[in-house]
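As a plain string of letters, each chain reads:
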Amino acid sequence: MTNNTTLVLGSNGKTGRRVVQRLEALGHDVRKGSRPAFDWEDDTTWPAIVQGVHAVYITYYPDLAFPGALERIRVFTDLAVKAGVRRLVLLSGRNEELAQEAEQVVLNAGVDATVVRCSWFMQNFDEGWLLDPVMSGTIALPAGDVTEPFVDVEDIADVAAAALTQDGHAGKVYELTGPRLLSFAEAAAAISRVTGREITYVPVTPEEFAAGAIEAGLPEEEAHGLNALFAEVLDGRNESLADGVRQALGRPARDFAEYARQAAPAWKV
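Before going into details, it helps to say that this report is about the structure given with it. Treat the numbers as computed from the prediction; the structure is a model and nothing was measured.

## A word on the overall build of the protein
Along the backbone of the protein there are 11 helices and 10 strands. For the protein, whose C-alpha radius of gyration is 18 Å, the value lies close to the compact-globule estimate of 18 Å for 269 residues. For the protein, the C-alpha atoms occupy an extent of roughly 60 × 40 × 35 Å along the three principal directions. Taken across its 269 residues, the protein has 52% of its residues classed as buried. Within the protein, residue pairs in contact and separated by at least 24 positions form 76% of the contacts whose partners lie at least 6 positions apart. Summing over all exposed atoms, the protein offers an accessible surface of approximately 11,900 Å²; the carbon and sulfur share of this is 50%. Computed over 24 positive and 39 negative side-chain charges, the separation of the two mean positions in the protein equals 7 Å.

In structure tokens, the structure reads:
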């Protein structure tokens, strides 16, 4: 009897819950991996959740670039393969050195493996930690005037679901971006247009960002971790487009303007 259970780690997260929805719509048996059933900080939760699983969608919180992430990915991947998992799909970050080391761990695990390597999520503005700044009217980030090819999480979930359920994706690294580059000021302007409110982007220093994030309630370790991540990926290295959505799905990636129109109700005062 073939086991078709798919484990989705981070099943309550932006990409994870959408992957769950897609798999369930296709009639697949889904095991949800989120706290307390699964915790990256507690490896005693790992063995039970991978038993009897055919495929795993791996998302690491808070980010693959954070200290300790690579070793946890290494141990979890080894455990999953030994438990009989035959397909792995890893959510990764674009141009993050530690994330790319984690990618190699998964790709070299000896099973079908796919990497979904992504740029900055559009949904950070309406579902993530940038929602409060958008609602306040000021997005303050240590990003200068760098541009970013923001990617829609709906596209990410479509690619991940395809890689989890279809043949032909093994060994692939799909680099996902949106169809155009935008600065954070341009993203704020796009949000302004659909809300009828003035949303402003304000460049700040890393120190100012960390202090503001901690004051807003973000744990100090996470605030400094984000700072380190921003310094790595918001230095211009991602100011280019990739075609991973079309490679994986045969269609173009969704534009920020379309995302903003659909997300507009979340920003209404």
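Let's pick the thread back up.
## So, the environment of Leu 164
Note on placement: Leu 164 falls in helix α6 (residues 153-165). Considered as a pair, Leu 164 and Val 19 are 145 residues apart in the sequence and their alpha carbons are 9.4 Å apart. Leaving out residues up to four positions away in the same chain, Leu 164 has contacts with Thr 6, Val 19, Leu 23, Ala 55, Val 56, Tyr 57, Arg 87 and Val 89.

## A look at the packing of aromatic side chains
According to the stated counting rule, one finds 21 aromatic pairs in the structure shown. Seen in terms of ring centroids, Phe 125 and Phe 184 are 6.4 Å apart; in terms of plane orientation they differ by 50 degrees. Their pairing is tilted. Taken as a pair, Phe 125 in the loop between β5 (112-118) and α5 (131-136) and Phe 184 in helix α7 (residues 184-195) lie far apart in primary sequence, 59 residues in all. Per residue, the accessibility class of Phe 125 equals that of Phe 184, and both read buried. A ring pair is formed by Tyr 259 and Trp 267, whose centres lie 5.9 Å apart and whose planes are at 85 degrees; its orientation type is edge-to-face. Ring-pair connections join several aromatic residues into one group, and the members of that group are Trp 120, Phe 125, Trp 129, Phe 150, Phe 184, Tyr 201, Phe 209, Phe 230, Phe 256, Tyr 259 and Trp 267.

## Overview of the nonpolar core
Core analysis: the biggest nonpolar cluster contains 32 residues, and Trp 120, Phe 125, Ile 139, Leu 141, Phe 150, Phe 184 and Phe 256 have the highest contact counts within it. Within the residue set of this core, elements represented by two or more residues are β6 (138-141), α7, α8 (206-215), α9 (220-233) and α11 (256-263). Among residues more than four places away in sequence, those in contact with Phe 256 are Met 122, Phe 125, Phe 150, Arg 180, Leu 182, Ala 187, Ala 190 and Ile 191. Core analysis: the second largest hydrophobic core is formed by 28 residues, Ile 49, Val 53, Val 56 and Ala 80 among them.

## Some details on the sheet that holds strand β3 (residues 55-58)
Taken in spatial order, the six strands of this open sheet run β2-β1-β3-β4-β5-β8, and their pairing is parallel. Lying at the two open borders of the sheet, with one neighbouring strand each, are β2 (30-33) and β8 (173-176). Between one strand axis and the next, the sheet turns by 15 degrees as a mean value, whatever way the strands run. With seven bridges connecting them, strand β4 (residues 87-93) and β5 associate as parallel partners.

## Quick word on helix α3 (residues 69-82)
Its 14 residues give α3 an end-to-end C-alpha distance of 20 Å, which sits within 8% of 20 Å, the value for a rise of 1.5 Å per residue. For α3, the complete set of buried residues consists of Ala 69, Leu 70, Ile 73, Phe 76, Thr 77, Ala 80 and Val 81. In a view along the axis of α3, the buried residues occupy a sector of 130 degrees, so they form one face of it. Where α3 is buried, its residues touch β1 (6-9), α2 (46-50), β3, β4 and α4 (97-107). One or two positions beyond α3, positive phi appears at Gly 84, with a value near 110 degrees.

## Topic: the pattern of salt bridges
Going through the model one piece at a time under the given rule, you end up with 21 salt bridges. Measuring nitrogen to oxygen at the nearest pair gives 2.8 Å for the salt bridge that ties Arg 18 to Glu 154. Taken together, the positions of Arg 18 in helix α1 (residues 14-25) and Glu 154 in helix α6 put the pair 136 residues apart, joining distant regions of the chain. Notably, a salt bridge pairs Arg 72 with Glu 41, separated by 3.2 Å at the nearest N-O pair. Of the two residues, Arg 72 sits in helix α3 while Glu 41 sits in the loop between β2 and α2, which places them 31 residues apart along the sequence. Taking the relative accessible area as the measure of exposure, Arg 72 reaches 22% and is therefore partly exposed.

## Some words on the pairing of β4
In terms of residue burial, β4 counts as a mostly covered element, since seven of its seven residues are buried. Along β4, one buried face is formed by Arg 87, Val 89, Leu 91 and Gly 93 and the opposite face, lined by Leu 88, Leu 90 and Ser 92, is buried too. Relative to β4, β3 runs parallel, the two being bridged by four bridges. Considered in β4, the bridge of Ile 58 is made with Leu 90. Handedness of the crossover joining β3 and β4 through α3 is recorded here as right-handed. With α4 bridging β4 and its parallel neighbour β5, the resulting β-α-β unit is right-handed.

Definitions and cut-offs
Residues numbered from 1 in each chain as written. Predicted model: local features only at pLDDT ≥ 70, side-chain atom pairs only at ≥ 80, totals over all residues. Heavy atoms only, no water. Helix = DSSP H or I, 4+ residues; strand = E, 2+ residues; numbered from the N terminus. Rg over C-alpha atoms; globule rule 2.2 N^0.38 Å. Buried < 20%, exposed > 50% of the residue type's maximum accessible area, 1.4 Å probe, protein only. Contact = heavy atoms within 4.5 Å. Areas by Shrake-Rupley, 256 points an atom, 1.4 Å probe, with all protein chains shown as cover. Lys, Arg positive; Asp, Glu negative; His and termini not counted. Charge placed at Lys NZ, Arg CZ, Asp CG, Glu CD. Phe/Tyr/Trp six-rings, centres within 6.5 Å; stacked < 30°, edge-to-face > 60°. Core = buried A, V, L, I, M, F, W, Y, C linked by side-chain atoms within 4.5 Å. Pairing = 2+ DSSP bridges. Axes fitted to C-alpha atoms, helices over the stretch in contact; angles between N-to-C directions. Expected span 1.5 Å × (residues − 1). Arc of directions from axis to C-beta. Salt bridge = Lys/Arg side-chain N within 4 Å of Asp/Glu carboxyl O. Right-handed = clockwise from strand over helix to strand, strands pointing away.

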